[in-house]
Amino acid sequence: MGNGTSIGKVRGLGSAHHGAHHWLVQRVTAVGNLVLTLWLATSFVLLPDMSHATISGWLSQPLPATAMILLVVTTFWHARLGLQVLIEDYIQETGLKFGLLTLLNLAVIGGGAFAVFSVARLALGGA
């Protein structure tokens, strides 16, 4: 890694040693969200009405349920990545940063799990 010189620090890709992975994943989830949101909007336009029975019947089909779960997962993942960067860049106090990142992870996991459960319940015929 070098003996503390500038070139040694550059070769290590920074302190986290993961380079542009976070940036790339954020861009991939953004593209996925765009495609899946366009699919969702088109699907809603093509439905005869927006009643609970119609939406439940539509989500009980495998393709719409799978795509909706993918949309939920990519949306929550993308939001987590963006908010993580915001917290890491603008919060300087270590304890507060740790607490906010922990709350962010709990909120994203909880919200995503609830949304996936809701879609799965509708897809599997739950009331």
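Residues numbered from 1 in each chain as written. Predicted model: local features only at pLDDT ≥ 70, side-chain atom pairs only at ≥ 80, totals over all residues. Heavy atoms only, no water.

(A) Local environment of the packing of helix α3 (residues 52-59) against helix α5 (residues 94-123). In contact at an axis separation of 7 Å, α3 and α5 are set at 90 degrees when each is read in the N-to-C sense. When the axis of α3 is compared with that of α5, the two are roughly perpendicular. In this structure, α3 uses His52, Ser56 and Leu59 to contact α5, whose residues at the interface are Val119, Leu122 and Ala123. For the contact of α3 with α5, the per-class residue count stands at four nonpolar, two polar and no charged. (Axes fitted to C-alpha atoms, helices over the stretch in contact; angles between N-to-C directions. Helix = DSSP H or I, 4+ residues; strand = E, 2+ residues; numbered from the N terminus. Parallel < 35°, antiparallel > 145°, perpendicular 65-115°, else oblique. Contact = heavy atoms within 4.5 Å. Nonpolar A, V, L, I, M, F, W, Y, C, P; charged D, E, K, R; others polar.)

(B) Structural detail: a nonpolar patch on the surface. On the surface, Trp23, Leu24 and Val28 cluster together to form a nonpolar patch covering roughly 330 Å² of accessible area. With respect to the helices, strands and loops of the structure, tryptophan 23 is situated in helix α2 (residues 21-46). (Patch = residues over 30% accessible without salt bridge, like charges linked within 9 Å, V, L, I, M, F, W, Y side chains within 5 Å. Areas by Shrake-Rupley, 256 points an atom, 1.4 Å probe, with all protein chains shown as cover. Salt bridge = Lys/Arg side-chain N within 4 Å of Asp/Glu carboxyl O.)

(C) The environment of glycine 32, seen in detail. Mapped onto the elements of the fold, glycine 32 is located in helix α2. For glycine 32, a relative accessible area of 22% gives the class partly exposed. Separated by 43 residues in the primary sequence, glycine 32 and threonine 75 have C-alpha atoms spaced 8.7 Å apart. (Buried < 20%, exposed > 50% of the residue type's maximum accessible area, 1.4 Å probe, protein only.)

(D) Structural context of the side chain of threonine 29. Summarising the element assignment, threonine 29 is placed in helix α2. You can call threonine 29 buried: its relative accessible area is 4%. Apart from the residues within four sequence positions on either side, threonine 29 is in contact with Thr74, Trp77, His78 and Leu81.

(E) Here's a closer look at the environment of isoleucine 87. Note on placement: isoleucine 87 falls in helix α4 (residues 62-90). Sequence-wise, isoleucine 87 and leucine 104 are 17 residues apart; in three dimensions their C-alpha atoms are separated by 9.5 Å. Each residue touching isoleucine 87, except ones within four places of it in the same chain, is listed here: Lys97, Leu100, Leu101 and Leu104.

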